[in-house]
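Letter by letter, the chains look like this.
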Amino acid sequence: MKLSDVQRRLQAPFSAHLVGWRAAAFNKDRSRAMLLAYVDARAVQDRLDAICPDGWSFELSVVEGAPSPTVKGRLTVLGVTREDIGEAGEGERGTLKAAASDALKRCAVQFGIGRYLYDLPRQWVDWNDQKREPKVAPGLPEWARPDFERSPGGAHIAQAMDQLKYELPVDLELQREVYKHLKAALHSLEPQRSGQQEPAGSAAAGQAA
């Protein structure tokens with residue numbers, strides 16, 4: 001497998017529930033903020049694990065003498081290496097761990113992972129400065145969502161599936177049973193996703209089969 005074989009999968013949009021928003025600027029009284037979209041380092045790692053679990057590695061080296069915790073990251077995916085600098089934020093986030101996460105995400109962008117987030121428009125929204133979060137988080141345009149989330153309820157299904165990864169039973173037979181029911185549930189949504197009504201009597205015919 002080569003990098004070019006998986007490029008589209010690396011560049012695919014993340015599920016909406018994995019995209020967060022951080023403030024990049026404020027008005028004078030900090031009642032409004034300009035937000036930028038981001039994904040965290042774990043989402044990047046999960047993407048790499050899903051596509052090439054044995055084909056990627058990440059190395060770090062500390063940059064000495066920098067005014068804030070700074071590291072140099074080297075991300076290798078299927079034999080191709082990209083490098084970038086990661087910097088920590090201020091206050092509680094000013095740690096080498098934060099700098100490492102920043103370096104991983106910056107390197108990943110060079111492979112196309114999350115790069116589409118830079119194309120999202122910067123949005124000014126009402127800001128809760130006490131909670132340090134937007135009063136209402138912006139939505140994502142349709143082009144910034146994966147295909148399976150563009151149907152009604154798709155985002156909720158994706159979030160449930162993501163949570164299920166951490167709740168699957170250990171027993172292999174039980175996992176197969178869960179998979180069987182999930183497959184049947186997803187199959188039942190096909191008529192809705194295609195915008196076609198299921199023919200009358202088809203359910204009865206299916207039961208008869």
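Details of the structure are given in the entry above.
The sections below set out a description of the structure shown in this document. Because the structure is a prediction, the values reported are computed rather than measured.

1. As for the side chain of Arg 47
Then, in step 1: Turning to its location among the elements, Arg 47 is positioned in helix H2 (residues 41–51).
Then, in step 2: Despite being buried, Arg 47 has no salt bridge partner; Asp 46 is the closest side chain of opposite charge, sitting 9.1 Å away.
Then, in step 3: Excluding its chain neighbours within four sequence positions, the residues that come into contact with Arg 47 are Arg 9, Leu 10, Gln 11, Ala 12, Pro 13, Phe 14 and Ile 113.

2. Re the packing of H2 against helix H3 (residues 96–109)
Then, in step 1: Relative to each other, H2 and H3 sit at 45°, their axes nearing to 9 Å. In terms of orientation, H2 lies oblique with respect to H3. Note that H2 runs across H3; the crossing there is left-handed. In this structure, H2 uses Ala 41, Val 44 and Gln 45 to contact H3, whose residues at the interface are Ser 101, Leu 104, Lys 105 and Ala 108.
Then, in step 2: Among the residues forming the contact of H2 with H3, the class breakdown is four nonpolar, two polar and one charged.

3. Thoughts on the pairing of strand S2 (residues 32–38)
Looking down a regular strand, the side chains alternate between one sheet face and the other.
Then, in step 1: Taken across its seven residues, S2 has five buried, putting it largely inside the fold.
Then, in step 2: Both strand S1 (residues 20–26) and S2 contribute to a ladder of six bridges, which runs antiparallel. Of the residues in S2, the one forming a bridge with Arg 22 is Leu 36.
Then, in step 3: Looking at chain direction, S2 and strand S6 (residues 123–128) are connected through four bridges and run antiparallel. Bridge pairing links Ala 33 to Val 125 in S6.

4. A word on the pairing of S6
Then, in step 1: The sheet contact formed by S6 and strand S7 (residues 133–134) spans two bridges and is antiparallel. Each residue of the ladder has a partner; that of Asn 128, found in S7, is Glu 133.
Then, in step 2: Count of turn residues in the S6/S7 antiparallel hairpin: four residues, of which Arg 132 carries a positive phi of about 55°.

Rules used in this analysis
Residues numbered from 1 in each chain as written. Predicted model: local features only at pLDDT ≥ 70, side-chain atom pairs only at ≥ 80, totals over all residues. Heavy atoms only, no water. Helix = DSSP H or I, 4+ residues; strand = E, 2+ residues; numbered from the N terminus. Buried < 20%, exposed > 50% of the residue type's maximum accessible area, 1.4 Å probe, protein only. Lys, Arg positive; Asp, Glu negative; His and termini not counted. Salt bridge = Lys/Arg side-chain N within 4 Å of Asp/Glu carboxyl O. Contact = heavy atoms within 4.5 Å. Axes fitted to C-alpha atoms, helices over the stretch in contact; angles between N-to-C directions. Parallel < 35°, antiparallel > 145°, perpendicular 65-115°, else oblique. Left-handed = near helix turned anticlockwise from the far one by under 90°. Nonpolar A, V, L, I, M, F, W, Y, C, P; charged D, E, K, R; others polar. Pairing = 2+ DSSP bridges.

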